[in-house]
Amino acid sequence: MTVRAVLSIGHPVLRVVADEVAPDDVMSEPIQALIDDLIDTMRNANGAGLAAIQIGATVRIAVMEVEDNPRYPYKPNIPLTVAINPVIEPLDDEVVEINEGCLSVPLRGNVQRNVNIRVRYLDRDGVAHDEVKRGLTAATWQHECDHLDGVLFVDRVTDTSTLTTWESFEAFHRDAFVERITAFVERVGS
Ligand code: NI
């Protein structure tokens, strides 16, 4: 298990469409070692999630975990999740505007995310899952799955005046966003 370097926006690999993992390869040593590195690297950086592409591996694997996250203290907890070949399907048209950050981008900005989604994926044991995710948890899934298609959150920022450094977010935008998103989380429950 190794903390790996996280690629930053501008690195061409972040724009690659990642390859599916063959189900027979899920239990292989290289894939299992990659998953361990993803978890270590995500935790080391206090990320809510990390896609393999962000550490230079162009395969469709993402990890997510939120446990009283200091980068995103308003996010409801997500148990450690390994998503291999995840597929997302919106369940309806409800969207929410979320101020997002990313370990590969030194800015935050507002993006629209679906509130209710269905996710299908394999876990690290190769077991198939078919689940419904809602709210900020659904948004985290959409952010991570975007990475697997070479998409960064900044591509989805339609109002570029919402882009801020983390420092400016803390100084000028955090309180209003946290108030709005906390009410949303209370309504949606996740
Ligand atoms: Ni990201």
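Up top is the structure these notes are about.
Everything numeric in this text was worked out from a predicted model, so none of it was measured.

Visitor: Looking at this structure, how should I read the sheet that holds strand E5 (residues 105-114)?
Guide: The pairing of strands in a sheet happens through backbone hydrogen bonds and is either parallel or antiparallel. What the 3 strands build is an open sheet, ordered E4-E5-E8; its pairing is antiparallel. The open sheet is flanked by strand E4 (95-102) and strand E8 (164-165), the only strands paired with a single partner. For E4 and E5, the ladder comprises 7 bridges, and the chain directions are antiparallel. Residue pairing across strands places Val-96 opposite Arg-113, the latter belonging to E5. Across the face of the sheet, helix H2 (residues 135-148) comes into contact with E4 and E5 while running at roughly 55° to E4.

Visitor: Mind showing me how you'd approach the pattern of salt bridges here?
Guide: For side chains of opposite charge, pairing can occur when their charged atoms come near one another. With the rule as written, the count across this model stands at 14 salt bridges. For Arg-118, the salt bridge is made with Glu-89, and the minimal N-O distance between the two is 3.6 Å. Placement of the pair is Arg-118 in strand E6 (residues 116-122) and Glu-89 in strand E3 (residues 78-90), with a sequence separation of 29 residues. Judged by relative accessible area, Glu-89 falls into the partly exposed class, the value being 32%. The shortest N-O distance in the salt bridge between Arg-120 and Glu-89 comes to 2.8 Å. Here the residue Arg-120 occupies a position in strand E6, and Glu-89 occupies one in strand E3, the gap between them amounting to 31 residues. Several salt bridges share partner residues, and in doing so they unite Glu-89, Arg-118, Arg-120 and Asp-130 into one network.

What counts, and where the lines are drawn
- Residues numbered from 1 in each chain as written.
- Predicted model: local features only at pLDDT ≥ 70, side-chain atom pairs only at ≥ 80, totals over all residues.
- Heavy atoms only, no water.
- Pairing = 2+ DSSP bridges.
- Helix = DSSP H or I, 4+ residues; strand = E, 2+ residues; numbered from the N terminus.
- Contact = heavy atoms within 4.5 Å.
- Axes fitted to C-alpha atoms, helices over the stretch in contact; angles between N-to-C directions.
- Salt bridge = Lys/Arg side-chain N within 4 Å of Asp/Glu carboxyl O.
- Buried < 20%, exposed > 50% of the residue type's maximum accessible area, 1.4 Å probe, protein only.

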